[in-house]
Amino acid sequence: MSNIVPVVLCGGSGTRLWPRSRAAKPKPFIPLLGGKTLYQSTLERCSDRKLFARPVVVVGDKHLQFAQQQASEIAPDAKFIVEPVGRNTAPAIALAALTLDADDIMLVCPSDHHIVDAPAFEAAARAAAGLAAEDWLVSFGIQATAPETGYGYIRRGEAVGDGFRVERFVEKPDLQMALQFIADGGYAWNGGIFAFRAGRFREELARHRPDMAARTKQAFDRGQHADTTIRPDDALFAAVEGESVDYAIMENTDRAAMVDVSMGWSDIGNWDALFQKRLSPSQENVIAGPGEIIGARGSMIDSDGPHVTLVGADDIVVVVDGDDVLVAGRSAVQRVGEASRCKKQ
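Residues numbered from 1 in each chain as written. Predicted model: local features only at pLDDT ≥ 70, side-chain atom pairs only at ≥ 80, totals over all residues. Heavy atoms only, no water.

## Examining the overall build of the chain
- When you go through the chain residue by residue, the secondary structure sums to 11 helices and 19 strands.
- Rg of the C-alpha trace for the chain: 20 Å, near the compact-globule value of 20 Å for 345 residues, within the 12% margin.
- Summarising its shape, the C-alpha atoms of the chain cover approximately 60 × 45 × 35 Å along the three principal directions.
- Relative to its 345 residues, the chain shows a buried fraction of 53%.
- Sequence-distant contacts, at least 24 apart, represent 67% of the contacts inside the chain between residues at least 6 apart.
- When the accessible surface of the chain is summed, it comes to about 15100 Å², and 46% of that surface belongs to carbon and sulfur atoms.
- One finds the centroid of the 37 positive side-chain charges in the chain at a distance of 2 Å from the centroid of its 46 negative side-chain charges. (Helix = DSSP H or I, 4+ residues; strand = E, 2+ residues; numbered from the N terminus. Rg over C-alpha atoms; globule rule 2.2 N^0.38 Å. Buried < 20%, exposed > 50% of the residue type's maximum accessible area, 1.4 Å probe, protein only. Contact = heavy atoms within 4.5 Å. Areas by Shrake-Rupley, 256 points an atom, 1.4 Å probe, with all protein chains shown as cover. Lys, Arg positive; Asp, Glu negative; His and termini not counted. Charge placed at Lys NZ, Arg CZ, Asp CG, Glu CD.)

## A closer look at the packing of helix H6 (residues 198–208) against helix H7 (residues 210–221)
- The interhelical angle for the contact between H6 and H7, taken along N-to-C directions, is 125°, at an axis separation of 5 Å. Between H6 and H7, the angle falls in the class oblique. Seen from H6, the contacting residues are Leu-205, Ala-206, Arg-207 and His-208; seen from H7, they are Pro-210, Met-212 and Ala-213.
- The residue inventory of the contact of H6 with H7, partitioned by class, reads five nonpolar, one polar and one charged. (Axes fitted to C-alpha atoms, helices over the stretch in contact; angles between N-to-C directions. Parallel < 35°, antiparallel > 145°, perpendicular 65-115°, else oblique. Nonpolar A, V, L, I, M, F, W, Y, C, P; charged D, E, K, R; others polar.)

## Details of the layout of surface pockets
- In this model, the second largest pocket occupies a volume close to 610 Å³.
- Take the lining of the second largest pocket: its biggest share by element is four residues, from helix H10 (residues 271–278).
- Broken down by class, the residue content of the lining of the second largest pocket amounts to 10 nonpolar, 12 polar and seven charged. (1 Å grid on protein atoms, 1.4 Å probe; cavity = no way out; pocket = protein on both sides within 12 Å on 5 of 7 lines; lining within 4 Å. Points joined across faces, edges and corners; volume = space filled by probe spheres on them.)

## Considering the pattern of salt bridges
- Considering all chains together, one arrives at 26 salt bridges under this definition.
- Between Asp-321 and Arg-22 there is a salt bridge, and its shortest N-O distance comes to 3.1 Å. Placement of the pair is Asp-321 in strand S18 (residues 316–321) and Arg-22 in the loop between strand S1 (4–10) and helix H1 (38–45), with a sequence separation of 299 residues.
- For the salt bridge of Glu-338 with Arg-335, the shortest nitrogen-to-oxygen distance reads 3.0 Å.
- Connected through salt bridges with shared partners, the residues Arg-20, Arg-22, Arg-278, Asp-302, Asp-321, Asp-324 and Arg-341 form a single ionic network. (Salt bridge = Lys/Arg side-chain N within 4 Å of Asp/Glu carboxyl O.)

## What about H10?
- Within H10, six of the eight residues are buried, which leaves it mostly tucked inside the rest of the structure.
- When H10 is considered as a whole, its buried residues turn out to be Trp-271, Asp-272, Ala-273, Leu-274, Phe-275 and Arg-278.
- With a side-chain oxygen lying 3.0 Å from the backbone nitrogen of Asp-272, the N-terminal cap of H10 falls on Asn-270. (Polar contact = N/O pair within 3.5 Å; in protein donor to acceptor, adjacent residues only side chain to side chain.)

## Let's talk about empty space enclosed by the protein
- Considering all chains together, one arrives at one cavity of 30 Å³ or more under this definition.
- Taken as a whole, the largest cavity encloses approximately 30 Å³ of empty space.
- Forming the walls of the largest cavity are Thr-42, Arg-45, Cys-109, Pro-110, His-113, Ile-115, Phe-121 and Ile-193.
- Breaking the lining of the largest cavity down by element, the ones donating at least two residues are H1 and strand S4 (105–110).
- Here the residues of the lining of the largest cavity are counted per class, giving five nonpolar, two polar and one charged.

## Details of the environment of Leu-175
- In this fold, Leu-175 is placed in helix H5 (residues 175–184).
- According to the relative accessible area criterion, Leu-175 is partly exposed, its value standing at 49%.
- Separated by 25 residues in sequence, Leu-175 and Gly-150 place their C-alpha atoms 9.7 Å apart.
- The residues touching Leu-175, leaving out its near neighbours within four places in the chain, are Pro-147 and Thr-149.

Geometric values such as these leave the question of function open.
So, in structure tokens, the structure goes:
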């Protein structure tokens, strides 16, 4: 099999986990579950050099210092592509593809996801790489265990190799439709993890988004290239139109496939998702930092200093970070990004 090259995407501002996650230091680079950051855990899952090649990390300039420092012990051989400005996932993946040989298999991994079962991830990576080597563009179809309305879905088609042809991609559904997907059993969550042969990805991008492909290559070619760091030309890359790989490629190609995987996955997309991952079977609440919860259930305190006491308030999240305090119902955490202080970060 060709090399499986982890391509770790470090984009986004992480506003849904404000105030702990901020634009200056977003979710991938802060420890939320245990001592390692989500970014470090992503690199660690791909650290077996018998299976995975040297990783390529695509990161914004203002976060490069965190990415390099946190990779130093886990993946000291990592190569960094430094984006002067974010342009979504399709251009970011295109930059990585331009650094690789045509037959290298790109395993595209967001840097801010939590995965419990690393062996299941590795098995899915092998299956996806096998399909990608045959010029399929492969999505990880993550077992849908609940009618989540915040995720996109993938409908399985006919079997192909160790996976399935994608019958269709579905945007984030409303609750009624999500319940139908779960009852149907033929749908999986689209977690944003992909496998492509680098040459095939470049061909598909040129076919479906020729302007994006040309502008990204021009910015790459005229950039600064070193052994560990590549910087595309600032002005040329800023002229690239931003778009997700889902819209640009996956929903347009006739070679979309998927592999099923159940690996304890979460994108830790908001405070409720983090509460669910932190909660142990023997507890009703979660306390991270100094605090106590009295006469309540389903609540969480996350404080970096002040002692917080919560009394008689169920399903509440209290977060203290420096001078900022967030108090939110767990059912309303999707609205955290509306906070005026969050918008000004």
